[in-house]
Amino acid sequence: MKKFFIHGIIFISINIFIATFYIWFTNNQYTYSNSQTGSALFIIPKNTKVDILIMGSSHAGIFADAGNHERVEKILNKKVVNVSKAAAGIVPEKLFLEYFFRHGNSTKEILYIIEPAIFYSSVWNESNFFLENEPLYADFFWLSLREGIDNDVLVNYLKSKFSLFWATWRKPLKNNIETYSLDAVSNEAIQKRLNFLYPDGQNEIVFDKYKVKLAEVIDIAKANNAKLTFIYPPTLLGDAPGSERLTQEISYYEARLFDFTNEIIDPSLYSDHDHLNTAGVVRFTTDYLVTIFSSNSSTISF
Amino acid sequence: MLFNSLHYLIFFPSVVVAYFILPHKYRWILLLSASLYFYMVWRPEYIILIIISVLFTYLGANKIAKITDSITKKRLLVILLVFHTFLLGFFKYFNFFNKEFVTLSEKFGWSHSLSNHKLLLPLGISFYTFQAMAYLIDVYRKKVKPEKNYFRLLLYIIFFPQLVAGPIERASHLLHQFYEKHLFDYERVTNGIKLIGWGLFKKLVIADRAAIFVNVVYSEPTEYMGISFVVATVLFAFQIYCDFSGYSDIAIGSAQVLGFNLMENFRRPYFAKSIGEFWNRWHISLSTWFRDYIYIPLGGNRVALPRWSYNILITFLLSGLWHGAAWTFIIWGAIHGLMIVIEKTTKKWRRKIAIILGVSKFPTFHSYIQIVSTFFIVTISWIFFRAESTKEAWYIFSHFFTGIVNYFVAIPSSGFFTPEVLLGQSPQRFIITFGAIAFLIFVQLMQRKGSIIKFLSAKPIYMRWPIYVIILWSIIFLGQFGENQFIYFVF
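Reference entry: report on the structure contained in this document.

Cut-offs used in this document
- Residues numbered from 1 in each chain as written.
- Chains lettered and ligands numbered in written order.
- Predicted model: local features only at pLDDT ≥ 70, side-chain atom pairs only at ≥ 80, totals over all residues.
- Heavy atoms only, no water.
- Pairing = 2+ DSSP bridges.
- Helix = DSSP H or I, 4+ residues; strand = E, 2+ residues; numbered from the N terminus.
- Right-handed = clockwise from strand over helix to strand, strands pointing away.
- Contact = heavy atoms within 4.5 Å.
- Buried area = accessible area lost by both parts, 1.4 Å probe.
- Salt bridge = Lys/Arg side-chain N within 4 Å of Asp/Glu carboxyl O.
- Polar contact = N/O pair within 3.5 Å; in protein donor to acceptor, adjacent residues only side chain to side chain.
- Axes fitted to C-alpha atoms, helices over the stretch in contact; angles between N-to-C directions.
- Phe/Tyr/Trp six-rings, centres within 6.5 Å; stacked < 30°, edge-to-face > 60°.
- Lys NZ or Arg CZ within 6 Å of the ring centre and 35° of its normal.
- 1 Å grid on protein atoms, 1.4 Å probe; cavity = no way out; pocket = protein on both sides within 12 Å on 5 of 7 lines; lining within 4 Å.
- Points joined across faces, edges and corners; volume = space filled by probe spheres on them.
- Nonpolar A, V, L, I, M, F, W, Y, C, P; charged D, E, K, R; others polar.

As for the pairing of strand E5 (residues 256-259) of chain A
Residue and element names in this part refer to chain A. Note: strand E4 (residues 227-232) against E5, four bridges, orientation parallel. Looking at E5, one finds that Tyr 232 is bridged to Asp 259. Crossover handedness for the path E4 to helix H11 (residues 243-252) to E5: right-handed.

Details of the interface of chain A and chain B
On the side of chain B, 19 residues touch chain A, which itself brings 18 residues to the contact. For the pair chain A and chain B, the summed buried area comes to about 1600 Å², and 83% of that belongs to carbon and sulfur atoms. Contact with chain B buries surface across chain A, with Phe 4, Phe 11 and Leu 164 of chain A losing the most and accounting together for 35% of the total. The interface formed by chain A and chain B holds zero salt bridges in total. Taken together, chain A and chain B are joined by two residue pairs in polar contact (both at pLDDT 80 or more). Of all the secondary structure elements, the ones that give two or more residues to the side of chain A that touches chain B are helix H1 (2-28), helix H7 (151-161) and helix H8 (164-169) of chain A.

Digging into the sheet that holds E4 of chain A
Residues and elements named next belong to chain A. If you walk across this open sheet you meet the five strands as E2-E1-E3-E4-E5, and the pairing is parallel. What marks the edges here is a single partner per strand, and that holds for strand E2 (80-82) and E5. Going from strand to strand, the sheet's axes swing by 20° on average, the running direction of each strand aside. When strand E1 (residues 49-56) meets E2, the two strands line up parallel, connected through three bridges. When the sheet's bridge partners are listed, Ile 52 is paired in E2 with Val 80. In the packing of helix H3 (residues 68-76) onto the sheet, contacts are made with E1 and E2, and the angle to E2 comes to roughly 145°.

Side note on the packing of aromatic side chains
Pairs of aromatic rings are described using the distance from one ring centre to the other and the angle between the two planes. In total, this model carries 102 aromatic pairs over all chains according to the counting rule given. Ring centres 5.0 Å apart and planes at 85° place the aromatic pair Tyr 252 of chain A and Tyr 253 of chain A in the edge-to-face group. On the numbers, 5.9 Å between centres and 55° between planes, the contact of Phe 130 of chain B with Trp 322 of chain B is tilted. Here Trp 322 of chain B lies in helix H12 (residues 305-323) and Phe 130 of chain B lies in helix H5 (residues 125-140), a separation of 192 residues in the sequence. The ring of Tyr 19 of chain B carries Arg 27 of chain B above its face, with NZ or CZ at 4.8 Å from the centroid. Seen from the ring of Tyr 179 of chain B, Arg 152 of chain B lies directly overhead, with NZ or CZ sitting 4.1 Å from the centre.

A few points about empty space enclosed by the protein
Residues and elements named next belong to chain A. Applying the stated criterion across every chain, the model contains two cavities of 30 Å³ or more. Roughly 160 Å³ of internal volume is contained in the largest cavity. For the largest cavity, the lining is made up of 20 residues, of which Glu 115, Pro 116, Thr 235, Gly 238 and Ala 240 are closest to its centre. Broken down by class, the residue content of the lining of the largest cavity amounts to 11 nonpolar, five polar and four charged.

Pasting the structure below:
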């Protein structure tokens, strides 16, 4: 039995060494700019002061994709970090926000491009895939563990690193300057999108579960002296189901909220019914974000 | 509990550690508790069925051993076998036969309105029922003495490595092992772990990867033809082999770590030179069960050719039915039975043809022809095993070679990786899947000379450890970790 344990320990140690080297290598093989990766952790700096931190789901992601990050920084004339992630609800986004501050970073402003749908389903908050395209950082792992992130998500986070997908996929994306433009608005497409965004309908119990995270995000911002602004992004879907409920919740904390849902109605500024294209991002940044970041007021008329 | 789950990764080492820490007299209690837990992770309430089934087996076997009158003894055995057959029949076959009876009634204008039951098929029922029936028959035949302790008999039936998908162990082989003291043996334990690793490789890297291609075609077969059917069916041949033999390897390896010896269940079946030989190599514990308890009692091969053919066909029809309550499985069994009859009746002719063609002068070449042709027949028969219905199976069968020539003719212009071959997957995924199958064939060719595990164990550590490390990381990187169920769990 002694021989078995000695050999077992040596064998396990060899494999831990291989795993550690592999993780180190894949974490450090490439450097990324904000528009080159869908991973939030790869672009969170260390001990850095930035002007604006953008967070949210794909509605925030479009402000970084396809070279838009550089465009937005140029228009705003500010240093921006975008920790958004496609399909990510408030649970994973709160985690990235916390990690950003724990890394010694600071920001003057936080822009949370938020939508009510993320409060109505666990799909946007507890799905296994959230951390699949994130590098494996020990401190982030422990933070996630302490934050009570679902075990399945964490197991998948570990497991996803040891896959061909992760080993081969992480190259920085080329700036895709191609932009799609919507020709016309389709009611069928709108309905399809709404069904997708609200897979579990509008359950108030689910909303109550995730609204706690909203309060925590607000607390983190306050604790780190960052001005937090929520916005509902422009979309062709119309007023989002549950937006009144979310507005009420955000107002309760006296946080700044701007509703741009129906502000841009020209389909050519959208890549689909729910997301602005590059021209739309440029227009929105120029016409709205510049004003938001140059004013402290919570009521601005556009 | 699935062998390829995180749950088992924690469960099994815990059981092993506790097993070797505990004094010998308590170990069987640990194994019994672990086996109960292993089964109850699926559906706790279904354990009652096993407990009752084993209780009847236990009481019946002890009664059979005491009865001296042969007629009464036989009657009791028949009652007990009917009980087990009823149990299996109710859960597994009732809905199938009921549906067929309804169809028949409608045809003849009879009134029949018995509704189907909605109960789940108890996990492993085909395996533990057959194991219990074999035990009863062996007690009746005085091949084994009846077990005096109900709980030890329960352990024999539900021993977790072989509970849900075999091997279907005989009491004469396994039961006494629960009384033996197993010391921690380095060679045995490490060889068991290697076998588990190899089983996981087969399951996760080959079977579950192949399944991705297979499922695409077999879920919508009417949308495909020709080369797509060839790719999917050949991959299914390897999927089912690697899935089931992988499970058996993990089962045998797990038992081996604990000091138990389970019977071999697969012996490189795709290297068989005939269908008859295939059944000596495929699911050995089941084929020997049918041989000992169905085929031989029917008369075996010591009868005239027509009766022997009948015995073979009955045995294989029942074997097909054992695999599933559907006509597809019955046809699959019938194909194998018929092929064995044809093999025997044409043996002289085939030998003469081989001599005339001069093939018999080249025994190695002749062997390869036999292996390839057997694999071809087995693969074609898998169509019926995998298809959702006889209609779909017939569609696949009748379109199997449609457009094949055109595909090969077009390779220079269209390339090898056409959408019909890739089935919506990437060329890399295709190459990895077939590369893993090639590796399996290479290993099995090596195994002709003896066990590869023993071969590796004889090598110095600096030679064998890199191989273990490579296989381990291949499983991690190339495996499909979706906790996919083993195919034979539903039988």
